[in-house]
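# Topology and contacts: notes
Spelled out from the first residue to the last, the chains are:
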Amino acid sequence: MVERQLRRRGISDERVLEAMGEVPRERFLDPDLRGDAYRDGAVTIAEGQTMSQPWVVARMTSLLELRGHERVLEVGTGSGYGAAVLSRCCQEVVTIERHAVLAERAAAVLAELGYANVEVRTGDGTAGAPDRAPFGGELVTAVAEERPPPALIEQLEPGAALVCPVRDAEGEFLTLYRDGTAERLAAVRFVPLVSG
Ligand code: SAH
């Protein structure tokens, strides 16, 4: 996976490549789906949600340009796989999931694997985690309409990046926000970001 799906397709952040070589992706899936773990695509998990394609996880994580000392916020824990990868690249991760069942499962797997620097919360991630802000990077793994939730922008450290898929009239694009600028990147497909 690391060589064929990531390095060969332009992922060059060694911290991210090492994390993705280390985190056992199959552990974040139900036993009957483990055969799909290293497939070059998204995999369906419970509650009609998905675990993102390996390349998407790598690209999004790389865009944060993590150096290891940051506290990072993830909105949309899903399986917990993305949080596990992030946890190998920074100091601490706070991840929020609106489906309690998913949050509980993800927390259990992360604990089994000994990834102790991840805090999993159940709730609406569009409000961020004001009690833990500011963050040295933020990832949203569900698609927002038109713009990212304003609370997330407010909870960024100066110079830090927010990576969020955004849908507008032209389509759905991974978008990088930093210091008041927005840069549109790859066309992507994500489940909707549901607030409230
Ligand atoms: N990073 C995940 C991918 C999760 S898919 C992984 O590696 O498996 C996106 C997730 O975002 C879904 O689980 C969905 O329930 C969750 N989600 C959608 N809107 C949300 C919101 N407002 N707050 C928190 N989680 C949300």
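Scroll up a little and you will see the structure.
Please read these numbers as outputs of a predicted model, since none were measured by experiment. (Residues numbered from 1 in each chain as written. Predicted model: local features only at pLDDT ≥ 70, side-chain atom pairs only at ≥ 80, totals over all residues. Heavy atoms only, no water.)

## A word on the pairing of strand S6 (residues 137–140)
Consecutive residues of a regular strand have side chains that alternate between opposite faces of the sheet. Which entries qualify depends on this criterion: Exposure categories follow from relative accessible area, calculated using a 1.4 Å probe and restricted to protein chains: below 20% of the type maximum is buried, above 50% is exposed, and the middle band is partly exposed. By the criteria applied, helices consist of DSSP H or I runs no shorter than four residues and strands consist of E runs no shorter than two, each listed in order from the N terminus. Paired strands, as defined in this entry, are two strands with at least two bridges between them according to DSSP.
Side chains Gly-137 and Leu-139 of S6 all project onto a buried face; the interleaved residues Glu-138 and Val-140 project onto the opposite face, where all are buried too. Pairing of S6 with strand S8 (residues 161–168), which is carried by two bridges, proceeds in the parallel orientation. For Leu-139, the partnering residue across the bridge sits in S8 and is Val-163.

## Looking at the pattern of salt bridges
So the rule is basically this: Any carboxyl oxygen of Asp or Glu that lies within 4 Å of a side-chain nitrogen of Lys or Arg is treated as forming a salt bridge with it.
Throughout the structure, instances matching the rule amount to 18 salt bridges. Note that Arg-9 and Asp-40 form a salt bridge whose closest N and O atoms lie 2.5 Å from each other. One end of the pair, Arg-9, is in the loop between helix H1 (2–6) and helix H2 (14–22); the other, Asp-40, is in the loop between H2 and strand S1 (43–44), and 31 residues separate them in sequence. The class for Asp-40 is partly exposed, based on a relative accessible area of 36%. Linking Arg-184 and Asp-168 is a salt bridge whose minimum nitrogen-to-oxygen distance equals 2.4 Å. One end of the pair, Arg-184, is in strand S10 (residues 181–187); the other, Asp-168, is in strand S8, and 16 residues separate them in sequence. Classification of Arg-184 as partly exposed rests on a relative accessible area of 37%. Relative accessible area serves as the criterion here: at 22%, Asp-168 is assigned to the partly exposed category. Here the residues in one salt-bridge network are Arg-71, Glu-92, Glu-119, Arg-121, Asp-131 and Arg-132, joined through shared partners.

## Brief notes about the site of the ligand
Our working rule: One heavy atom within 4 Å of a molecule or strand is enough for the residue carrying it to be called near that molecule or strand. Polar contacts, as counted here, are pairs of nitrogen or oxygen atoms within 3.5 Å of one another; within protein the pair requires one atom able to donate a hydrogen and one able to accept it, and residues that are adjacent in sequence qualify only if both atoms are side-chain atoms. Surface accessibility follows the Shrake-Rupley procedure with a 1.4 Å probe radius. Residue values consider only the protein chains on display as shielding. Residues are sorted three ways: Asp, Glu, Lys and Arg are charged, Ala, Val, Leu, Ile, Met, Phe, Trp, Tyr, Cys and Pro are nonpolar, and all the rest, Gly among them, are polar.
Residues in close proximity to the ligand total 25 residues, the closest being Ser-79, Glu-97, Asp-124, Gly-125 and Val-194. Within the backbone of Gly-125, one N or O atom sits 2.8 Å away from a nitrogen atom of the ligand. A distance of 2.6 Å separates a nitrogen atom of the ligand from a polar atom in the backbone of Val-194. Burial of the ligand by the protein amounts to 99% of the accessible area it has alone, namely 590 Å². Those elements that provide at least two residues to the shell around the ligand are strand S2 (50–51), strand S3 (71–75), helix H4 (81–87) and strand S4 (92–97). Here the residues of the shell around the ligand are counted per class, giving nine nonpolar, twelve polar and four charged.

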